[in-house]
Amino acid sequence: MNDTMVDGFGRRIEYLRISVTDKCNLRCVYCMPMEGLPWLKRAEILSYEEIVEIVRVMAGMGLKRVRLTGGEPLIRRDLHKLVAGLRAVPGIENIALSTNAVLLDEQAESLRDAGVDRVNISLDSLRPERVERIARRPGSFEKIMAGLAAAERVGFEPLKVNVVLMRGENDDEIESFAELTRTNPWHVRFIEVMPTGSNLQLSADQFLSCDEALERLRRVERLEPTEGPTGNGPAAYYRYPGAPGTIGVITPMSHNFCGACNRMRLTADGQLRPCLFGAIQTNLRDPLRAGEDLVPLIEHTLRIKPERHYLEQGSDVGSGGLVALSQTGG
Ligand code: SAM
Ligand code: SF4
């Protein structure tokens, strides 16, 4: 067996984003409809043992890093047990988590002890009422702040804060978010909103490019291009002179970044997706449950990984029928 995974365009794939649930305790306006989605049934969802087995097979093919995401990963019971299982897989060097942080305060210690190395926290505003309007869950702000503090307390490093840019909603806070990097060693990353079936109006009307955000930040002070934290994927990073933290931009819409793509995705129901968008996926769950060899299926998925995504502003054509990023793990 080959121990590196290289796709048809010469990209080395070492990173798997694993969605552990399609459900969420928030309803972010750009992500999920207020009423939720038709959730997967329990029997459809991979068990922790099944996830670990898939990762074990992929680690034998060259996988080195995983990220747990969702939906909201922390709502899945005993997530730390999955982390411990993944930690024991030979070849897996790094385990990361993407979370809205609502439940992080209570789980941070057990997750760190089980082996989570680093955390990305979604935070779209620094104002309580705004956070709760965007997340459409009253009372969430305080918990998120406690989660952020817990991430620092237990030493998750690097700590990344993800901010989805929305004109007329949080664009007046771009400078405030950037200021955080002068006093905290955080990586604040601005993300361009991507169109999916459930946010077509918002993603067209409120789109704001990262170039515009950077232009505004340069009016405050010169920004220096800089190295990002380890494990950086598609983000480009900058720093205010002398600041301990960095400012990252993730530009799926204005600058296609697919040339540097290093990842595949595993959905909660065991579909291996070579790209966040598009309809291509390989069912690993049923063959796994039938005791079949997964290696040829993974190799096939690698071979058909598309060169790039074909998202277009105001259209869900390129998203391959995706209603919300929560369905594939973002
Ligand atoms: N619930 C976790 C969270 O919010 O961090 C993990 C899953 S969430 C789908 C992963 C990331 O995708 C978050 O940073 C979220 O802000 C981002 N996201 C969701 N929908 C998006 C969209 N339509 N465009 C851009 N980013 C989006
Ligand atoms: Fe939930 Fe994350 Fe989607 Fe917000 S972005 S609704 S926290 S999955």
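Residues numbered from 1 in each chain as written. Chains lettered and ligands numbered in written order. Predicted model: local features only at pLDDT ≥ 70, side-chain atom pairs only at ≥ 80, totals over all residues. Heavy atoms only, no water.

Peer 1: What should I look at first to understand the overall build of the protein chain in this one?
Peer 2: Scanning the protein chain from N- to C-terminus turns up 10 helices and 12 strands. At 19 Å, the protein chain has a C-alpha radius of gyration in line with the 20 Å of a compact globule built from 330 residues. Taking the principal axes of its C-alpha atoms as reference, the protein chain extends roughly 55 × 40 × 40 Å. By residue count, 57% of the 330 residues in the protein chain fall in the buried class. Within the protein chain, contacts between residues at least 6 apart in sequence are counted, and of these 74% link residues at least 24 apart. On the protein chain, roughly 13500 Å² of surface is accessible, and the fraction owed to carbon and sulfur atoms is 50%. (Helix = DSSP H or I, 4+ residues; strand = E, 2+ residues; numbered from the N terminus. Rg over C-alpha atoms; globule rule 2.2 N^0.38 Å. Buried < 20%, exposed > 50% of the residue type's maximum accessible area, 1.4 Å probe, protein only. Contact = heavy atoms within 4.5 Å. Areas by Shrake-Rupley, 256 points an atom, 1.4 Å probe, with all protein chains shown as cover.)

Peer 1: Where do I start with the nonpolar core in this structure?
Peer 2: The nonpolar side chains of a soluble globular protein tend to be buried, and buried together. Formed by 98 residues in total, the largest nonpolar core has its most connected members in Leu16, Val55, Leu104, Phe190 and Ile298. Looking at which element gives the most residues to this core, the answer is helix H1 (residues 48-59), with 8 residues. Ignoring any residue separated from it by four or fewer positions in sequence, one finds Leu104 in contact with Leu74, Leu97, Thr99, Leu111, Val119, Ile121, Gly147, Ala150 and Ala151. (Core = buried A, V, L, I, M, F, W, Y, C linked by side-chain atoms within 4.5 Å.)

Peer 1: In this structure, what is going on with the packing of helix H2 (residues 79-87) against helix H3 (residues 104-114)? I would like to understand it.
Peer 2: One way to put it is that H2 packs onto H3 with a least axis distance of 8 Å and a crossing angle of 15°. Between H2 and H3, the interaxial angle falls into the category roughly parallel. In the packing of H2 onto H3, the handedness of the crossing is right-handed. Residue-level contacts link Leu79, His80, Val83, Ala84 and Arg87 of H2 to Gln107, Ser110, Leu111 and Ala114 of H3. (Axes fitted to C-alpha atoms, helices over the stretch in contact; angles between N-to-C directions. Parallel < 35°, antiparallel > 145°, perpendicular 65-115°, else oblique. Left-handed = near helix turned anticlockwise from the far one by under 90°.)

Peer 1: When you look at the pattern of salt bridges in this model, what are you seeing that I'm missing?
Peer 2: Should the charged atoms of two oppositely charged side chains come close, the side chains can pair. Under the counting rule described, the total for this entry stands at 18 salt bridges. Notably, a salt bridge pairs Arg127 with Asp172, separated by 3.7 Å at the nearest N-O pair. Of this pair, Arg127 sits in the loop between strand S4 (118-122) and helix H4 (128-135) while Asp172 sits in the loop between strand S5 (159-165) and helix H6 (174-183), placing them 45 residues apart in sequence. A relative accessible area of 35% means that Arg127 is categorised as partly exposed. Given the relative accessible area of 39%, Asp172 is considered partly exposed. (Salt bridge = Lys/Arg side-chain N within 4 Å of Asp/Glu carboxyl O.)

Peer 1: Explain the sheet that holds strand S1 (residues 15-19) here, please?
Peer 2: Taking strand neighbours across the sheet as the criterion, the 12 strands line up as S7-S8-S9-S6-S5-S4-S3-S2-S1-S10-S11-S12 in an open arrangement whose pairing is mixed. Both edges of this open sheet fall to strand S7 (224-226) and strand S12 (282-283), since each of them pairs with a single strand only. Summarising the sheet, strand S3 (residues 94-99) and S4 pair through 4 bridges and their orientation is parallel. Note on S4: the bridge partner recorded for Ser98 is Asn120. Across the sheet, helix H5 (residues 140-154) lies against S4 and S5, angled at about 150° from S5, the strand it touches most. (Pairing = 2+ DSSP bridges.)

Peer 1: In this structure, what is going on with the site of ligand 1? I would like to understand it.
Peer 2: By nearness alone, 19 residues border ligand 1, and Tyr30, Gly71, Glu72, Ser122 and Met194 come closest of all. Its free accessible area being 550 Å², ligand 1 has 94% of it covered by the protein chains. Listing elements by their share of the shell around ligand 1, those giving two or more residues are S3, S5 and strand S6 (187-192). (Near = heavy atom within 4 Å.)

Peer 1: Where do I start with the packing of H6 against helix H8 (residues 210-220) in this structure?
Peer 2: How two helices pack is summed up by the angle between their axes together with the distance between the axes. Taken N-terminus to C-terminus, the directions of H6 and H8 make an angle of 60°; their axes are 10 Å apart at the nearest point. As the angle between them shows, H6 and H8 are arranged oblique. Two packed elements cross with a definite hand, and for H6 against H8 that hand is right-handed. For the pair formed by H6 and H8, the contact residues are Ile174, Glu175, Ala178, Glu179 and Arg182 on the first element and Ala213, Arg216, Leu217 and Val220 on the second. A breakdown of the residues in the contact of H6 with H8 according to their chemical character gives 5 nonpolar, no polar and 4 charged. (Nonpolar A, V, L, I, M, F, W, Y, C, P; charged D, E, K, R; others polar.)

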